[in-house]
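# Commentary on secondary and tertiary structure
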Amino acid sequence: MDQWLLEQMRNITPEEQIYLDGDAFVKKDFYTKKEDFEADYEVLLEQGKLITVRQHARFVEFPVHKHNYVELVYVFAGEITHYIDEKELITRPGDLLLMNQHVKHSVKRAEAGDIAVNFIILPEFFDIPLQMIKKQNILADFLAGTFRQQISVPQYLLFQLGNQMQIRNLMENIIRPLISHIEYEEVINQYSMGLVFLYLINHIDTLAENSSQNYESILIQAVLKYIRTQYKTASLNHLAEDLNQSQSVISRMIKKNTGFTFQDLLMRQRFQKAVVLLMETDLPVEEIAANVGYENMSYFYRQFKARYGMTPRQYRLQHI
């Protein structure tokens with residue numbers, strides 16, 4: 001990790017010193033001029049800017065509040081605990097929590113070793129990252145949802161990345177010029193954030209929480225539908241391309257959620273269809289094998305007998 005950056009974030013900020021001096025309640029006027037606790041980008045962002053970053057304030061508990069901007073929380077050290085919809089979300093080094101506007105949440109008191117940064121981001125910032133993602137997926141849906149400012153879209157995504165070096169380097173490249181007030185081109189940070197999101201898409205199995213729906217469940221439903229409808233020509237490679245995921249990620253998700261590999265599920269579907277055709281049609285066994293995706297007849301016969309303890313012709317005779 002960038003040691004200069006870490007040392008900068010270990011320093012006690014003026015706000016944190018207030019809490020260390022005995023003030024037990026968060027200073028709302030650091031975040032908003034409104035009566036209710038809605039953190040306001042007009043207070044936190046310089047005029048004309050789309051993004052900024054501030055260190056998460058330690059030594060105080062944040063009561064329930066919301067934002068009128070998108071917040072991205074990245075943890076460098078220790079842990080930061082959020083509460084959303086009465087759910088405890090413990091974020092550790094390398095974890096990334098992305099919260100849309102209007103998400104009500106609270107944050108447990110962080111101590112000296114708990115270091116995180118909060119990105120304050122206006123939806124317009126995501127224009128370039130959204131173009132980079134291109135295909136529909138949970139991140140693209142999330143980013144598109146940030147533009148619906150007239151509709152409350154309370155959604156969050158938590159990625160448990162385990163301090164991955166690639167994502168950490170990208171985050172440091174974005175944070176350093178922001179925290180040190182170095183002159184920079186905002187569009188560069190937009191492309192850098194787009195790279196972060198592309199990385200997340202390729203590691204979607206690190207997605208731990210999604211307030212609207214469990215994304216793994218969505219993917220598994222898509223996998224099972226694909227096998228059910230495309231069993232004759234289905235392949236893991238085509239499936240991964242369709243879902244915009246790597247084959248390794250899809251394979252791990254399938255095994256985790258079903259207990260079977262992709263090939264296991266595909267073979268089960270093919271043979272289920274084969275026995276239906278054996279019982280309900282007069283098609284030759286060779287044609288049935290071809291209809292369910294098997295051109296190698298010896299392989300089909302061998303697998304059928306291993307599964308059912310008899311040949312396809314014997315199975316047909318028993319089930320006439």
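One structure accompanies this document, and this report is about it. Quick caveat, the model's predicted, so the values are computed rather than measured. (Residues numbered from 1 in each chain as written. Predicted model: local features only at pLDDT ≥ 70, side-chain atom pairs only at ≥ 80, totals over all residues. Heavy atoms only, no water.)

### Examining the overall build of the protein
The criterion, for reference: Secondary structure elements are taken from DSSP: a helix is a run of H or I of four residues or more, a strand is a run of E of two residues or more, and numbering for both begins at the N terminus. In this description the radius of gyration comes from C-alpha coordinates, and the expected globular size is given by 2.2 Å times residues to the power 0.38. In this scheme, a residue with accessible area under 20% of its type's maximum is buried, one over 50% is exposed, and one in between is partly exposed, where area comes from a 1.4 Å probe on protein chains only. Only heavy atoms matter for contacts: two residues are in contact if any of them lie within 4.5 Å across the pair. Note on areas: Shrake-Rupley, 1.4 Å probe, and residue coverage restricted to the protein chains presented here. Asp and Glu are treated as the negative residues and Lys and Arg as the positive ones, with His and the ends of the chain left uncounted. Just so you know, the charge point we use is NZ for Lys, CZ for Arg, CG for Asp and CD for Glu.
Along the protein, the regular secondary structure elements total 14 helices and 11 strands. Rg of the C-alpha trace for the protein: 26 Å, well past the compact-globule value of 20 Å for 320 residues, more than 25% over. Viewed in the frame of its principal axes, the protein has a C-alpha envelope of about 85 × 40 × 35 Å. Each of the 320 residues in the protein was classed as buried or not, and the buried ones make up 48%. Counting contacts in the protein only where the partners sit at least 6 residues apart, residues at least 24 apart contribute 71% of the total. Looking at the protein as shown, the accessible area adds up to about 16,100 Å², and 49% of this sits on carbon and sulfur atoms. Counting 33 positive and 40 negative side-chain charges, the protein places the centres of these two groups 10 Å from one another.

### Remarks on the pattern of salt bridges
Quick note on the threshold: For salt bridges, the criterion is a side-chain nitrogen of Lys or Arg within 4 Å of an Asp or Glu carboxyl oxygen.
In the structure shown here, the tally under the stated rule is eight salt bridges. Here Arg109 and Glu111 are joined by a salt bridge, their closest N and O atoms 2.7 Å apart. For Glu111, a relative accessible area of 37% translates into the label partly exposed. For Arg313, the salt bridge identified is with Glu286, shortest N-O distance 3.5 Å. Note that Arg313 is positioned in helix H14 (residues 312–318) and Glu286 in helix H12 (residues 285–291), a separation of 27 residues in sequence. What makes Glu286 partly exposed here is its relative accessible area of 38%.

### A look at the environment of Lys66
Considering the arrangement of structural elements, one finds Lys66 in strand E3 (residues 62–67). As for Lys66 and His82, which are separated by 16 residues in sequence, their C-alpha atoms are 12 Å apart. Beyond its immediate sequence surroundings of up to four residues, Lys66 is in contact with Asp36, Phe37, Glu38, Ala39, His102, Val103 and Lys104.

### Overview of empty space enclosed by the protein
Our working definition: In this analysis the probe radius is 1.4 Å and the grid spacing 1 Å, with only protein atoms considered; a cavity is a set of points the probe fits into but cannot get out of, a pocket is an open set with protein on both sides within 12 Å along at least five of seven lines, and lining residues have an atom within 4 Å of a point. Grid points are joined across faces, edges and corners, and a volume is the space filled by probe spheres set on the points.
For the structure on display, the rule yields two cavities of 30 Å³ or more. Empty space within the largest cavity amounts to approximately 160 Å³. Taken together, 19 residues form the lining of the largest cavity, with Tyr31, Phe62, His65, Glu71 and Asn118 sitting closest to its centre. Only strand E2 (51–55), E3, strand E4 (70–77), strand E8 (105–107) and strand E9 (115–121) provide two or more residues apiece to the lining of the largest cavity.

### Here's the deal with the environment of Asn11
Within the secondary structure, Asn11 sits in the loop between helix H1 (3–10) and helix H2 (14–20). For Asn11 and Ala112, which are 101 residues apart along the polypeptide, the C-alpha to C-alpha distance reads 9.3 Å. Every residue in contact with Asn11, bar those within four places of it in the chain, is listed here: Glu16, Gln55 and Arg58.

### What to know about unusual backbone geometry
Negative phi values dominate among residues other than glycine, just as trans dominates among peptide bonds. Phi angles above zero are rare outside glycine, and Asp85 is one such case at about 50°. With respect to the element layout, Asp85 can be found in the loop between strand E5 (80–84) and strand E6 (87–91). Overall, the relative accessible area of 62% leaves Asp85 in the exposed class. Here the phi dihedral of Glu86 falls at roughly 65°; this positive angle occurs in a residue that is not glycine.

### Some remarks on the packing of helix H11 (residues 262–280) against helix H13 (residues 297–308)
Under the convention used in this document: Between N-to-C directions, angles span 0 to 180 degrees; the directions come from axes that are lines fitted to C-alpha atoms, helices contributing only their stretch in contact. Comment on the angle field: the value is read as roughly parallel under 35 degrees, roughly antiparallel over 145, roughly perpendicular from 65 to 115, and oblique elsewhere. Charged residues are taken to be Asp, Glu, Lys and Arg, nonpolar residues to be Ala, Val, Leu, Ile, Met, Phe, Trp, Tyr, Cys and Pro, and polar residues to be all remaining types, Gly included.
The geometry of H11 relative to H13 is characterised by a closest axis approach of 12 Å and an angle of 90° between their N-to-C directions. Our classification of the angle between H11 and H13 gives roughly perpendicular. Along its contact with H11, which presents Met267, Arg268, Phe271, Gln272, Ala274, Val275 and Leu278, the element H13 presents Tyr299, Phe300, Gln303, Phe304, Arg307 and Tyr308. Across the contact of H11 with H13, the residue classes tally to nine nonpolar, two polar and two charged.

### Describing the side chain of Asp95
As for its placement among the helices and strands, Asp95 is situated in the loop between E6 and strand E7 (96–99). Beyond its immediate chain neighbours, meaning those up to four positions away, Asp95 contacts Val73, Tyr74, Val75, Ile90, Leu158, Phe159, Gln160, Leu161 and Gly162.

### Focus: a nonpolar patch on the surface
Where we set the bar: Residues form patches when they are more than 30% accessible in relative terms and have no salt bridge. Like charges link within 9 Å. Nonpolar side chains (Val, Leu, Ile, Met, Phe, Trp, Tyr) link within 5 Å.
A surface patch of nonpolar side chains, about 270 Å² in accessible area, is lined by Val187, Ile188 and Tyr191. Here Tyr191 shows up in helix H7 (residues 186–201). The partly exposed category is assigned to Tyr191, whose relative accessible area is 43%.

### Structural notes on the packing of aromatic side chains
Heads up, the rule is: Any two of the Phe, Tyr and Trp rings considered here, Trp counted by its six-membered ring, make a pair once their centres fall within 6.5 Å; the pair's planes then place it as stacked at under 30 degrees, edge-to-face at over 60, or tilted in between. Cation placement over rings: the criterion is NZ of Lys or CZ of Arg within 6 Å of the ring centroid and within 35° of the ring normal.
Under the definition given, this model contains 15 aromatic pairs. On the basis of an interplanar angle of 45° and a centroid distance of 5.9 Å, the ring pair of Tyr294 and Phe300 is categorised as tilted. Judged by its relative accessible area of 1%, Phe300 is buried. Pairwise contacts between aromatic rings join Phe271, Tyr294, Tyr299, Phe300, Tyr301, Phe304, Tyr308 and Tyr315 into one cluster. When the ring centre of Phe260 is taken as reference, the NZ or CZ atom of Arg268 above it lies at 4.5 Å.

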